[in-house]
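Below, each chain spelled out in residue letters.
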Amino acid sequence: MSTTTRVWVNGHLVDPNGPSVSALDHSVTVGDGVFETAKIVAGTPFALTRHHRRLERSAAGLGLPPVDLGVVDAGVAAVLDGTAIDFGRLRYSVTGGVGPLGSDRDDAALTYIVVAAPQTPPPPSGKLTVVPWTRNERSAVVGLKTTSYAENVVALARAKQAGAVEAVFGNTRGELCECTGSNVFVVVDGVVLTPPAESGLLLGITRELTIEWGRAAGLDIREETLPLDVLRTADEVFITSSTKDVLPVHAVDDRELPADGPVTTELQRVFRTNAERDSDP
Ligand SMILES: Cc1ncc(COP(=O)(O)O)c(C=O)c1O
């Protein structure tokens, strides 16, 4: 059984370190592609149906032709077959295919890429740092999970320098938005608050499940426009993402917070219980 990174491109398992995508692929040249990241637990991807739906929405938003999910599923089966990944990441991308060197497109066939890789599980809690750059809630690609992630690369590098697990962005209006690869929640007077889609965030699958399952468990969870500096006063802060689930935040820059706040702890429990019950909710 293999526990190393496995890569599949357009129908074939390929050498992870060898060439497998054209240098002219429009994702390589201009970031013209969409992707998903799902958690792998004991060899099984989590919430794959919801990730597939979001991939379709991202592709449509980018103006790509419809994605053939049968092709994606063949890739997923190929990279997971015979592997023994306890905890890891399934990353799949669909790109504009071989295209012109500029931003214009021709009718190229889409490129399908699927990767499975083991990963170190997240720490029990993490620090956030607020970065000076903004999410653009009026961007042409707002809410889409595109392969143009350079802004996130720069922001996450800044966060790591500051000893943080994530960087938080405000939007152009100074409202709380999201992190480079996670959504953010705050708890104020027992109420759980998280920014709405209009803030310019990516609608995370983990965010969605946290809201659904949390409400079903009786918690008061609201999507509300929030000022960025709610992070200076909130009683608890946590982030959500496919590989982090519900992750308590123990500091926002120089402000320390309880990593074991009662509401965050309850939501972690609710999330874990529901996720263990159904791997494709
Ligand atoms: C920009 C951004 N926001 C939020 C998230 C969290 O989404 P999910 O819970 O689907 O992983 C991600 C996921 O990687 C992301 O890239």
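Note: the structure precedes this text.
A brief report on the enclosed structure follows.

### A short note on the site of the ligand
Step number 1: Contacts to the ligand come from 16 residues, most closely from Tyr149, Glu178, Ile205, Thr206 and Ser242.
Step number 2: Between the ligand and Ser242 there is a distance of 2.7 Å, counted from an oxygen atom to a side-chain nitrogen or oxygen.
Step number 3: When the ligand sits alone it has 390 Å² of accessible area, and the protein chains cover 94% of it.
Step number 4: Sorting the residues of the shell around the ligand by element identifies strand 9 (176–179) and helix 5 (205–216) as the ones contributing at least two each.
Step number 5: Residue composition of the shell around the ligand, by class: four nonpolar, eight polar and four charged.

### Here's the deal with empty space enclosed by the protein
Step number 1: Applying the stated rule across the entire model yields two cavities of 30 Å³ or more.
Step number 2: Each pocket or cavity is described by its volume, and for the largest cavity that value is around 40 Å³.
Step number 3: The wall of the largest cavity is formed by Lys39, Phe46, His51, Ile205, Thr206, Leu209, Ser242, Asp245 and Phe271.
Step number 4: Considering each element in turn, the lining of the largest cavity owes the most residues, three residues, to helix 5.
Step number 5: Across the lining of the largest cavity, the residue classes break down as four nonpolar, three polar and two charged.
Step number 6: Approximately 30 Å³ is the volume attributed to the second largest cavity.
Step number 7: Forming the boundary of the second largest cavity are His26, Asp32, Gly96, Gly97, Val98, Gly99, Arg105 and Asp106.
Step number 8: For the lining of the second largest cavity, the per-class residue count stands at one nonpolar, four polar and three charged.

### Observations regarding unusual backbone geometry
Step number 1: A positive phi is found at Asn10, a non-glycine position, where the angle reads about 45 degrees.
Step number 2: Note that Asn10 resides in the loop between strand 1 (6–9) and strand 2 (12–14).
Step number 3: On the accessibility criterion, Asn10 (38% relative accessible area) is partly exposed.
Step number 4: A positive phi angle, close to 50 degrees, is found at Ala42, a residue other than glycine.
Step number 5: Relative to the assigned elements, Ala42 resides in the loop between strand 3 (33–41) and strand 4 (44–45).
Step number 6: Looking at Ala42, the relative accessible area reads 59%, which means it is exposed.

### A short note on the packing of helix 5 against helix 6 (residues 262–277)
Step number 1: Two numbers describe how helix 5 lies on helix 6: the axes approach to 10 Å, and their chain directions differ by 100 degrees. Classified by the angle their axes make, helix 5 and helix 6 are roughly perpendicular. Facing helix 5, whose interface residues are Thr206, Leu209, Thr210, Trp213 and Gly214, helix 6 presents Leu267, Val270, Phe271, Asn274 and Ala275.
Step number 2: Considered class by class, the residues forming the contact of helix 5 with helix 6 number six nonpolar, four polar and no charged.

### A few points about the nonpolar core
Step number 1: The biggest cluster of nonpolar side chains holds 25 residues, and the ones touching the most others in it are Leu55, Val67, Val72, Leu90 and Val94.
Step number 2: Of all the secondary structure elements, the ones that give two or more residues to this core are strand 3, helix 2 (48–62), helix 3 (69–80), strand 5 (87–95) and strand 6 (111–118).
Step number 3: Per-element accounting of this core gives the leading share, six residues, to helix 3.
Step number 4: The next biggest cluster of nonpolar side chains, apart from the first, holds 19 residues, and it includes Leu128, Val165, Val168 and Leu231.

### Some words on a nonpolar patch on the surface
Step number 1: A contiguous nonpolar patch, built from Leu24, Val98 and Leu101 and spanning about 290 Å² of accessible area, is present on the exposed surface.
Step number 2: Within the secondary structure, Val98 sits in the loop between strand 5 and strand 6.

Thresholds applied
- Residues numbered from 1 in each chain as written.
- Predicted model: local features only at pLDDT ≥ 70, side-chain atom pairs only at ≥ 80, totals over all residues.
- Heavy atoms only, no water.
- Near = heavy atom within 4 Å.
- Polar contact = N/O pair within 3.5 Å; in protein donor to acceptor, adjacent residues only side chain to side chain.
- Areas by Shrake-Rupley, 256 points an atom, 1.4 Å probe, with all protein chains shown as cover.
- Helix = DSSP H or I, 4+ residues; strand = E, 2+ residues; numbered from the N terminus.
- Nonpolar A, V, L, I, M, F, W, Y, C, P; charged D, E, K, R; others polar.
- 1 Å grid on protein atoms, 1.4 Å probe; cavity = no way out; pocket = protein on both sides within 12 Å on 5 of 7 lines; lining within 4 Å.
- Points joined across faces, edges and corners; volume = space filled by probe spheres on them.
- Buried < 20%, exposed > 50% of the residue type's maximum accessible area, 1.4 Å probe, protein only.
- Axes fitted to C-alpha atoms, helices over the stretch in contact; angles between N-to-C directions.
- Parallel < 35°, antiparallel > 145°, perpendicular 65-115°, else oblique.
- Contact = heavy atoms within 4.5 Å.
- Core = buried A, V, L, I, M, F, W, Y, C linked by side-chain atoms within 4.5 Å.
- Patch = residues over 30% accessible without salt bridge, like charges linked within 9 Å, V, L, I, M, F, W, Y side chains within 5 Å.
- Salt bridge = Lys/Arg side-chain N within 4 Å of Asp/Glu carboxyl O.

None of this, on its own, says anything about what the molecule does.
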